[in-house]
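# Structure assessment
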Amino acid sequence: MSQKPFYITTTLPYVNSDPHIGFAMEIIRADVIARAKKLDGYEVFFNTGTDEHGVKIYQKAFNSNEDTQVFVDRYVVKFKELKSVLGLSDDIHFIRTTDKQHVAAAEEFWRRCDKNGFIYKKLYKTKYCSGCELEKTDTELNEEGRCFIHPTLDLLLIDEENYFFKFSAFQQKLLDLYRSNPTLVVPDFRFNEIKAFVERGLEDFSISRLKTKMPWGVPVPSDADHVMYVWFDALTSYISTLGWPDDTKTFDTFWKNGTPVQYCGKDNLRQQSAMWQAMLMSVDLPPTHTIVIDGFVTGDGGVKMSKSLGNTVDPLDIVKEYGVDALRYYVCRELSPFEDSPFTMDKFKEAYNAHLANGIGNLTSRIMKMATTNLTSAPEIPSKSIPTEFMDALGVFNTQAAANIVWEHISAADRIIQEKEPFKLIKTDTDAAIEIIKDLCVRLYTIGRMLNPIMPQTSELLKKLVKENKMPEQPLFLRK
RNA sequence: CGCGGGGUAGGGUAACGGUAACCCGUCAGGCUCAUAACCUGAAAAUUGCCGGUUCGAUUCCGGCCCCCGCAACCA
């Protein structure tokens with residue numbers, strides 16, 4: 001029996017700063033889904049990587065007087081380290097948009113798109129602030145359309161020839177796709193948002209930059225004066241990582257005949273569920289199966305995290321102090337799967353003590369203490385015991401609902417110990433007490449099984465302890 | 001009338017047409033297997049405001065008031 005294929009990818013983070021908690025959240029969630037699918041018998045292709053082109057990186061490297069490639073290489077190391085820091089799947093794929101294979105794929109994508117008539121050249125007016133000596137985008141201008149730093153200066157409009165993508169040609173096709181694919185975007189309210197956006201009408205967007213101004217990008221085929229705009233290049237990574245266009249076997253298995261899933265933050269809704277889908281159509285490739293949009297991690301009170309406010313949290317620090325599984329737990333259960341969620345160290349500590357130290361950690365100690373003192377060997381473990389609701393919740397990307405099921409099982413076991421008092425019963429009715437303890441061991445094993453996608457290390461440890469009928473060498477999660 | 005999300009016990013969140021659930025905190029019991037952990041119970045919410053639909057609304061509809069994102073060539 002050949003395994004069913006499953007492909008899931010994160011957004012490729014832009015490597016102009018260190019990995020932040022928002023991306024850690026996204027990739028942990030994707031990893032949980034990837035592990036759950038593996039547990040369910042799928043052959044999983046799990047992808048992440050780094051987005052390394054574009055003006056911001058070019059400028060930052062330039063400002064620090066560093067070769068751009070050296071600059072990105074330095075950052076990529078930090079992102080690759082996430083694999084061990086966050087306990088990600090061993091076989092995760094990592095694509096860099098500077099990889100030769102990706103660059104070739106992006107160029108081929110462009111060629112096909114162009115051949116199909118969806119790329120054209122037109123004059124594009126850029127806004128230039130002579131004070132900053134920089135081009136400005138609308139988001140970098142104030143309400144009157146003036147530079148924040150130099151509001152008294154008039155912006156200069158400079159004509160520049162750019163290549164454009166005929167996004168507007170895909171309005172109806174996108175709406176048809178949305179209609180025929182009712183689970184394309186999860187959750188529903190994000191799907192509604194993108195539908196409304198497309199219904200309002202689409203504007204073609206620029207997909208190239210003049211090389212003289214910004215050389216750090218994939219060259220535009222057949223025009224040495226331009227490089228691709230970073231988005232056009234980065235989005236194609238979702239298929240270049242699968243070997244497109246050369247490795248048709250891998251691509252066909254996981255994308256064409258599979259159910260490709262893209263995980264991203266809400267700031268990526270438009271790019272992934274509209275622009276990228278249109279781009280795929282333009283080269284006659286099938287659409288993404290599901291795009292999962294999660295919210296932002298915010299500071300206390302729902303305010304944006306920012307270094308100036310001092311309310312940022314570093315995933316590395318958390319892992320150092322509390323361990324990988326504690327962070328994974330928090331992401332899965334304490335943060336909303338689709339809405340914005342506040343993240344503070346106080347909340348984290350509170351949840352850690354309540355649910356990891358007092359919850360699963362303490363439960364493990366009390367069950368295994370009774371087991372090791374009263375059982376001669378591990379009880380028989382049923383071959384399957386994961387409740388279907390658990391897998392169903394993960395199937396709709398609701399890690400919170402899934403984790404809640406696990407913690408209901410933990411509470412139930414604590415209650416059973418209190419109500420049946422096997423530690424007391426053992427003195428009067430040994431056989432009955434042994435049966436209760438065996439049942440508790442099986443319950444703990446089942447909890448271990450369910451924790452596999454969410455907290456892989458804890459999962460393995462729980463299963464090992466029950467199977468070998470051993471006390472943990474030290475408490476699983478020490479109170480902080 | 002640009003688009004979307006939210007306003008639920010002291011704090012943080014869940015549920016979403018039919019006794020409003022959970023965590024932290026507070027109070028009172030219990031237990032001793034366990035990481036001063038665990039269990040039971042109590043106090044505490046007219047579910048932002050005003051109308052409507054309904055036998056019944058936190059949940060559906062309309063209006064209003066606040067908060068937060070986004071508003072495309074920023075990634």
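Residues numbered from 1 in each chain as written. Chains lettered and ligands numbered in written order. Predicted model: local features only at pLDDT ≥ 70, side-chain atom pairs only at ≥ 80, totals over all residues. Heavy atoms only, no water.

## Some details on the nonpolar core
Counting 96 residues, the largest nonpolar core has Leu 86, Leu 327, Phe 343 and Ile 360 as its most contacted members. Top element by residues in this core is helix 18 (residues 430–454). It accounts for 12 residues. Residues in contact with Leu 327, not counting those within four places in the same chain, are Ile 21, Ile 28, Leu 86, Pro 315, Ile 318, Val 319, Phe 343 and Phe 348. Formed by 52 residues, the second largest nonpolar core is a distinct cluster that contains Ile 207, Phe 232, Trp 255 and Leu 285. (Core = buried A, V, L, I, M, F, W, Y, C linked by side-chain atoms within 4.5 Å. Buried < 20%, exposed > 50% of the residue type's maximum accessible area, 1.4 Å probe, protein only. Helix = DSSP H or I, 4+ residues; strand = E, 2+ residues; numbered from the N terminus. Contact = heavy atoms within 4.5 Å.)

## Things to note about the domain arrangement of chain A
Interface size is commonly expressed as the accessible surface area that is lost when the partners come together. The assigned domain composition of chain A is domain 1 (4–302) and domain 2 (344–468). The straight-line distance from the C-alpha centre of domain 1 to that of domain 2 is 42 Å. Taken together, the contact pairs 13 residues of domain 1 with 12 residues of domain 2. Buried area between domain 1 and domain 2, both sides added, is near 1100 Å², and the carbon and sulfur share of it is 77%. At the boundary of domain 1 and domain 2, one finds zero residue pairs in polar contact (both at pLDDT 80 or more). The set of elements that each furnish at least two residues to the side of domain 1 that touches domain 2 consists of helix 1 (21–39), strand 12 (261–265) and strand 13 (290–294). With six residues, the single largest contributor to the side of domain 1 that touches domain 2 is helix 1. (Domains from an automatic or database assignment. Buried area = accessible area lost by both parts, 1.4 Å probe. Polar contact = N/O pair within 3.5 Å; in protein donor to acceptor, adjacent residues only side chain to side chain.)

## Details of the side chain of Ser 336
For Ser 336, the location among the structural elements is in the loop between helix 13 (324–334) and strand 15 (341–342). Of the polar contacts made by the side chain of Ser 336, one reaches the backbone nitrogen of Glu 339; its length is 3.0 Å. Not counting chain neighbours up to four residues away, the residues in contact with Ser 336 comprise Arg 29, Ser 341 and Gln 400.

## Digging into the sheet that holds strand 7 (residues 185–186)
Across a sheet, strands are paired by hydrogen bonds formed along the backbone, either parallel or antiparallel in direction. With parallel pairing, the six strands of this open sheet are ordered in space as 3-2-1-12-13-7. Strands with a single pairing partner mark the edges of an open sheet, and in this sheet they are strand 3 (93–96) and strand 7. Here five bridges tie strand 12 to strand 13, and the two strands are oriented parallel to one another. By the bridge assignment, Tyr 263 is partnered in strand 13 with Val 292. On top of the sheet, helix 1 reaches strand 1 (4–9), strand 2 (42–50), strand 12 and strand 13; it is set at about 165 degrees to strand 2, its chief contact. (Pairing = 2+ DSSP bridges. Axes fitted to C-alpha atoms, helices over the stretch in contact; angles between N-to-C directions.)

## With respect to unusual backbone geometry
A cis geometry characterises the amide bond from Val 186 onward to Pro 187, with omega recorded as 0 degrees. Here Pro 187 is to be found in the loop between strand 7 and helix 7 (188–199). With omega at 5 degrees, the peptide bond leading from Trp 244 into Pro 245 counts as cis. Relative to the elements of secondary structure, Pro 245 occurs in the loop between helix 9 (237–240) and helix 10 (248–256). Even without being glycine, Asp 284 reaches a positive phi, approximately 60 degrees. Positive phi outside glycine occurs at Asn 469, with the angle close to 50 degrees. You can see Asn 469 is positioned in the segment after helix 19 (456–468). A relative accessible area of 12% means that Asn 469 is categorised as buried.

## Thoughts on helix 10
Here helix 10 has its buried residues at Phe 251, Phe 254 and Trp 255. Seen from one end, helix 10 has its buried residues packed into an arc of 95 degrees, which puts them on one side. Among the structural elements, strand 1, strand 2, helix 9, strand 12 and helix 11 (269–282) are those in contact with the buried residues of helix 10. (Arc of directions from axis to C-beta.)

## Regarding the pairing of strand 12
Counting buried positions along strand 12 gives five out of five residues, so the element sits mostly inside the fold. Here strand 1 pairs with strand 12 via two bridges, running parallel. By the bridge assignment, Ile 8 is partnered in strand 12 with Val 261. Crossover connection from strand 12 via helix 11 to parallel strand 13: handedness right-handed. (Right-handed = clockwise from strand over helix to strand, strands pointing away.)

## What about the pattern of salt bridges?
Per the stated rule, a full pass over the model turns up 22 salt bridges. Among the salt bridges present, the one from Asp 91 reaches Lys 38, with a minimum N-O distance of 3.0 Å. Of this pair, Asp 91 sits in the loop between helix 4 (82–85) and strand 3 while Lys 38 sits in helix 1, and the two are 53 residues apart along the sequence. (Salt bridge = Lys/Arg side-chain N within 4 Å of Asp/Glu carboxyl O.)

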